[in-house]
Amino acid sequence: MTDFAATRARFHLPEGLIYLDGNSLGPLPLAAADRVAATIRDEWGDMLIRGWNAAGWMDMPARVGDRIGRLIGAAPGTVVMGDTLSIKVYQALAAAVELNPGRRVILSDSGNFPSDLYIAEGLCRTLGQGFRLVTVAPGEVEAALSPEVAVMMLTEVDYRTGRLHDMAGLTAAAHAAGALTVWDLAHSAGALPVDLAGAGADFAVGCTYKYLNSGPGGPAFIYVAPRWADRARPALSGWLGHDAPFAFEPSYRPGRGIERMRVGTPPILQLAALEAALDVWDIADIRDVRARSIELTEAFISGVEAACPGLVLASPRAPAARGSQVSFRHPEGYAIMQALIARGVIGDFRAPDILRFGFTPLFIGMQEVRDAVEVLAEVMATAAWDRPAYRARARVT
Ligand SMILES: *Cc1c(COP(=O)(O)O)cnc(C)c1O
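Residues numbered from 1 in each chain as written. Predicted model: local features only at pLDDT ≥ 70, side-chain atom pairs only at ≥ 80, totals over all residues. Heavy atoms only, no water.

### Here we look at the overall build of the chain
Using the following cut-off: Counting from the N terminus, the helices are DSSP H or I runs at least four residues long and the strands are E runs at least two residues long. Each radius of gyration is computed over the set of C-alpha atoms, and the globule rule expresses the reference value as 2.2 Å times the number of residues to the power 0.38. Residue burial is assigned from relative accessible area. The probe radius is 1.4 Å, only protein chains are included, and a residue is buried under 20% of its type maximum, exposed over 50%, and partly exposed in between. Accessibility throughout is a Shrake-Rupley quantity obtained with a 1.4 Å probe, and a residue counts as covered only by protein chains that appear here. Charge counting treats Lys and Arg as positive and Asp and Glu as negative, with His and both chain ends excluded. We put the charge of a Lys on NZ, of an Arg on CZ, of an Asp on CG and of a Glu on CD.
For the chain, the helix and strand inventory stands at 14 helices and 15 strands. Relative to its length of 397 residues, the chain is compact, with a C-alpha radius of gyration of 22 Å against a globular reference of 21 Å. When the 397 residues of the chain are sorted by exposure, 56% land in the buried category. Surface summary for the chain: the accessible area is close to 16300 Å², and the carbon and sulfur share equals 57%. Treating the 37 positive side-chain charges of the chain as one cloud and the 43 negative ones as another, the clouds have centres 4 Å apart.

In structure tokens, the structure reads:
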């Protein structure tokens, strides 16, 4: 059984704050601060260019990818790090579409994160030839798997509501309909058990600054199933995905397996932060994290529903049908969230009316849940949110 007091001790958590936004930006792991400082001083500082070989910088994208692979059911050598999630969505989609010639539809759902949908739109525009993105309601994806669908692109956990898709079931349905799959694990990796190999997923992508705590702008990951790894053609054919980058050949030849999904120079400082952040998984079992997350979200839902009649649950009620976040709707959701943040309870707001709270058992326990419910109840009962200052929208919500 995971010792959650021990996992919590590994994070820097500012005094007096209840941080329910680890689903958007994970807190700072103490080891990451030390590791980045050491990487700057001992590696960049003293090794200079020699760090690429001597400090293993060039191998980091694959080495760190393997550690993430263990959390998402991906075999060694099938995950690589780099770039942003939006870029990784593009790479996975472009490769998947090309592997399924003759079909012109990318199918997704209306709950998907906008960047994934925008990237799909942009890819369709570049491809021309009638390629198009079709989005349906989350519950209607399976029924929309027509013979035109080349790729089904879904985010497993809905960023607004926390609704969890059945990855294995939908992947099987997509395959039965002749479509390939791209799964976005942005709100899954580090939040709940994922079994990419078991589900038969073709491609998967995800970011690391949410539940994996790599810090703002931390690199994303991409998974390619072994059966596609040497056939997937990189749309972003950068030199570090070349079979022999330092041969400096005039023309691109894709590297072996997952290495071809690298693009350019990896972000070593952010990878160092991520590598240190992943150490917490040496003492945490993702199944324990999931079980505790369900206890926390259940307690939060029943506490809020009992104390705040004006808030409407936007997340699925059944714990097995949601990820590690809970969302409530209220027309004044933005102002309510600002009032909460002013009182040291940090969640976030997603337009048009969603208050979003993430529960990450690595550093959140039952006491924080009770305290957060109490603060929210006070804000609602006294209408403390009803102030112009709380209605003024910031650039990031
Ligand atoms: C957080 C998130 C993103 C963000 O993409 P970046 O390129 O890292 O900014 C994209 N897709 C989903 C599903 C997300 O949850």
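### Focus: the site of the ligand
Our working definition: Proximity is defined per residue: any heavy atom of the residue falling within 4 Å of a molecule or strand makes that residue near it. In the analysis that follows, any N or O atom pair within 3.5 Å is treated as a polar contact, provided that within protein one partner can donate a hydrogen and the other can accept it, and provided that, for residues neighboring in sequence, both atoms belong to side chains. Just so you know the grouping, Ala, Val, Leu, Ile, Met, Phe, Trp, Tyr, Cys and Pro go in nonpolar, Asp, Glu, Lys and Arg go in charged, and all remaining residues, Gly too, go in polar.
Surrounding the ligand, one finds Thr 84, Leu 85, Ser 86, Phe 113, Asp 116, Thr 155, Asp 184, Ala 186, His 187, Tyr 209 and Lys 210. Separating an oxygen atom of the ligand from a backbone N or O atom of Leu 85 is a distance of 3.4 Å. Tyr 209 is positioned such that a nitrogen or oxygen atom in its side chain is 2.6 Å from an oxygen atom of the ligand. Here the ligand has 390 Å² of accessible area as a free molecule, and 85% of this is covered by the chains. Residue classes in the shell around the ligand are distributed as four nonpolar, four polar and three charged.

### Quick look at the packing of aromatic side chains
Note the cut-off: Two rings belonging to Phe, Tyr or Trp (six-membered ring only in the last case) form a pair when the distance between their centres is within 6.5 Å. Interplanar angles under 30 degrees mark stacking, angles over 60 mark edge-to-face geometry, and anything in between is tilted. A ring has a charge above it when a Lys NZ or an Arg CZ is no more than 6 Å from the ring centre and no more than 35 degrees off the ring normal.
Evaluated as defined, the whole model comprises eleven aromatic pairs. Taking NZ or CZ as reference, Lys 210 lies 5.6 Å from the ring centre of Phe 113, over its face. The ring of Tyr 334 carries the charged tip of Arg 393 above its face, separated from the ring centre by 4.6 Å.

### Some points on the environment of Leu 133
Using the following cut-off: Contacts are residue-level and defined by heavy atoms, with any inter-residue pair within 4.5 Å sufficient.
Note that Leu 133 resides in strand E6 (residues 132-136). Classification of Leu 133 by relative accessible area gives partly exposed; the value is 22%. Between the C-alpha atoms of Leu 133 and Asp 59, which are 74 residues apart in sequence, the distance is 36 Å. The contacts of Leu 133, once residues within four sequence positions are left out, are Ile 106, Ser 108, Leu 117, Ala 120, Glu 121 and Cys 124.

### Structural notes on helix H4 (residues 60-71)
In plain terms, the rule: Multiply 1.5 Å by the residue count of a helix minus one, and that product is the helix's expected span.
Taking 1.5 Å per residue as the helical rise, H4 with its twelve residues ought to reach 16 Å, and the 17 Å between its terminal C-alpha atoms agrees with that figure. All of the buried residues along H4 are Met 60, Pro 61, Val 64, Gly 65, Arg 67, Ile 68, Gly 69 and Leu 71. Just past H4, the residue Gly 73 takes up positive phi, approximately 70°.

### Concerning the side chain of Ser 293
Examined against the element boundaries, Ser 293 turns out to sit in helix H11 (residues 286-307). A residue is classified by how much of its surface remains accessible, and Ser 293, at 0% relative accessible area, is buried. In contact with Ser 293, not counting residues within four places along its chain, are Ser 324, Phe 359 and Pro 361.

### Details of the pattern of salt bridges
Convention followed: Think of a salt bridge as a Lys or Arg side-chain nitrogen and an Asp or Glu carboxyl oxygen that are within 4 Å of each other.
If you walk through the whole model with that rule in mind, you get 26 salt bridges. With a shortest N-O distance of 3.0 Å, Glu 275 and Arg 35 are connected by a salt bridge. Residue Glu 275 is located in helix H10 (residues 268-277), and its partner Arg 35 is located in helix H2 (residues 30-47); the two are separated by 240 residues in the primary sequence. The class for Arg 35 is partly exposed, based on a relative accessible area of 24%. Salt-bridge contacts for Arg 253 lead to Asp 243; the nearest nitrogen and oxygen are separated by 2.9 Å. Here Arg 253 is found in the loop between helix H9 (226-229) and H10, whereas its partner Asp 243 is found in the loop between H9 and H10, with ten residues between them in sequence. Accessibility expressed as a relative area gives 27% for Asp 243, which makes it partly exposed. Within the structure, one salt-bridge network assembled from shared partners comprises Asp 243, Glu 249, Arg 253 and Arg 256.

### Some remarks on the nonpolar core
As a reminder of what qualifies: Buried Ala, Val, Leu, Ile, Met, Phe, Trp, Tyr and Cys residues form a nonpolar core when they are joined through side-chain atoms within 4.5 Å. Where each domain begins and ends is defined by an automated method or by a domain database.
By size, the foremost hydrophobic cluster in this structure holds 123 residues, and its most contacted members are Ile 72, Leu 196, Phe 203, Trp 281, Phe 300, Phe 357 and Leu 376. Residues lining this core come from more than one domain, with at least three contributed by each of domain 1 (4-29 + 285-391) and domain 2 (56-282). Setting aside its immediate chain neighbours within four residues, Phe 203 contacts Ala 92, Ala 95, Ala 96, Leu 99, Thr 181, Val 182, Trp 183, Tyr 223, Val 224, Trp 228 and Ala 232.

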